[in-house]
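Overview (structure and organization)
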Amino acid sequence: MSTKDWLEKDYYAILGVPKDADADAVKKSYRKLARELHPDRNKNDAKAADRFKAVSEAYSVLSDADKRKEYDEARALFGGGGRFRVPGAGRAPTGGPAGGTTTFDLGDLLGGAGGGAGGIGDLFGGIFGSGRTRTTPRRGGDLESEVSLGFGEAVEGATVGLRLRQSTTCHTCAGTGAKPGTTPRVCPRCEGTGHLSHNQGGFAFAEPCPDCRGQGLLVDDPCPTCAGSGRESVTRPLNVRIPAGVKDGQRIRLKGKGAPGERGGPAGDLFVTVHVAAHTVFGRSGDNLTVTVPVTFPEAVLGAEVKVPTMGGAPVTVRIPPGTPSGRTLRVRGKGVRRSDGTVGDLLVSVDVAVPQRVDGKAREALEAFATATSGDDVRAELLRTAAARSA
């Protein structure tokens, strides 16, 4: 991403957040816009694709504390439009009183300061179009995508296929924007510099050329593929390995799987947000799996050994201690989610005492006899005493 991009684009406005927004607000706004503008939800919608790219680019800067600091400093220095501000110096551009903010074109002042000036000329030449061409490698942009997994796939890990949309140089015109067989011509108004300079009060004011929109070239016969932009959106298939144990909403970074770099620069990164479907039997608590197992009243009172299902394996036998109440949780070691360090979480078994809907015959007689035998046990006595004491 070039310095010129930082000066010309208001990433806060693109994400719809104020300049003092914290990291959580930036992330929340980005995720909302990314879901709305994602290419999978807006097929063949070029405007949505362009906005999705702009939102991803803005988030890649504002989500990185170092990049955001550099961006804010660059925008403050140049006023967000390629013009350098000096508070309290000289006379205001409109001819007002001294003590205002003087703006001038650093490209004119430092255009000849390249070479031995430690790259200053290259920096400002690249911003203001002093005729230099950047030849240094540039890292490719980061890309964003989303994937939906089944519960079992998230626990065990899975390889999924993605189709990524990215902007690249138009294959028809090789990036010139002109129809094959034709060439762009130098803009006569700015003479190919891409900007116009106006002298006022001893300072030069630079602004993008309105005819060529800062490109320095005019295309009379646009390329039919890219409509003169020199860029086109392409779809790239990619198989991605999602690691075992991924959580719902987790954002995975795949280094070097983003947009390719320019002039030999490294590729950007791919960030994949994972959505995990619910399971009909199992749940999840951190790296532990959860399951609710019904037991009969006699099993809960007398104790028993019951079969409990596991994720992707054979059932295991769990011992129910005598007198186990409904809602008690038992732990089965090593039957949960595999962690990144190779260890495995546990299976948490919640006991649910099943109450029969109908009891007839000898079963009813046995329960009535049981109720008579235990009638001296007032299971609610402590509850009533505590309530009365609180009310007193």
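Right above here is the structure, for reference.
No experiment lies behind these values; they were computed from the predicted model shown. (Residues numbered from 1 in each chain as written. Predicted model: local features only at pLDDT ≥ 70, side-chain atom pairs only at ≥ 80, totals over all residues. Heavy atoms only, no water.)

1. Description of the overall build of the protein chain
Check the secondary structure of the protein chain and you find eleven helices and 17 strands. Considering the protein chain as a whole, with its 392 residues, one finds that 34% of them fall into the buried category. The contacts in the protein chain between residues at least 6 apart in sequence include a share of 60% that link residues at least 24 apart. Only carbon and sulfur atoms are counted for the fraction: they give 51% of the accessible area of the protein chain, which is about 23,300 Å². (Helix = DSSP H or I, 4+ residues; strand = E, 2+ residues; numbered from the N terminus. Buried < 20%, exposed > 50% of the residue type's maximum accessible area, 1.4 Å probe, protein only. Contact = heavy atoms within 4.5 Å. Areas by Shrake-Rupley, 256 points an atom, 1.4 Å probe, with all protein chains shown as cover.)

2. Overview of the sheet that holds strand β13 (residues 288–296)
Spatial strand order, β12-β13-β17-β16: four strands in an open sheet with mixed pairing. Across the chains shown, the open sheet's two edge strands, defined by having one partner strand only, are β12 (283–285) and β16 (329–332). Sheet twist, expressed as the average angle between the axes of neighbouring strands with direction ignored, equals 40°. Of the pairings in the sheet, the one linking β16 to strand β17 (residues 347–354) comprises four bridges and is antiparallel in character. Considered in β17, the bridge of L330 is made with V349. (Pairing = 2+ DSSP bridges. Axes fitted to C-alpha atoms, helices over the stretch in contact; angles between N-to-C directions.)

3. Brief notes about the nonpolar core
Counting 40 residues, the largest nonpolar core has I242, L270 and V308 as its most contacted members. If we skip the residues at most four places from it in the chain, L270 touches L143, E144, S145, L162, L164, L238, V240, I252, R253, L254, K257 and G258. Within the second largest apolar cluster, 18 residues are counted, among which are Y11, L15, V17 and V26. (Core = buried A, V, L, I, M, F, W, Y, C linked by side-chain atoms within 4.5 Å.)

4. Here's the deal with the packing of aromatic side chains
What characterises a pair of aromatic rings is the spacing of the ring centres plus the angle enclosed by the ring planes. Across all of its chains, the model carries four aromatic pairs by this definition. On the basis of an interplanar angle of 10° and a centroid distance of 4.1 Å, the ring pair of Y30 and Y59 is categorised as stacked. Taken together, the residues span a long stretch of sequence, with Y30 in helix α3 (residues 23–37) and Y59 in helix α4 (residues 46–62) at a distance of 29 residues. Each member of the pair, Y30 as well as Y59, carries the same accessibility label: buried. Seen from their ring centres, F297 and F370 are 6.1 Å apart, and the 80° between their planes marks the pair as edge-to-face. Taken together, the positions of F297 in helix α9 (residues 297–302) and F370 in helix α10 (residues 361–373) put the pair 73 residues apart, joining distant regions of the chain. In this structure F297 comes out as partly exposed when scored by relative accessible area, which is 38%. Judged by relative accessible area, F370 falls into the partly exposed class, the value being 41%. (Phe/Tyr/Trp six-rings, centres within 6.5 Å; stacked < 30°, edge-to-face > 60°.)

These figures capture arrangement, not role.
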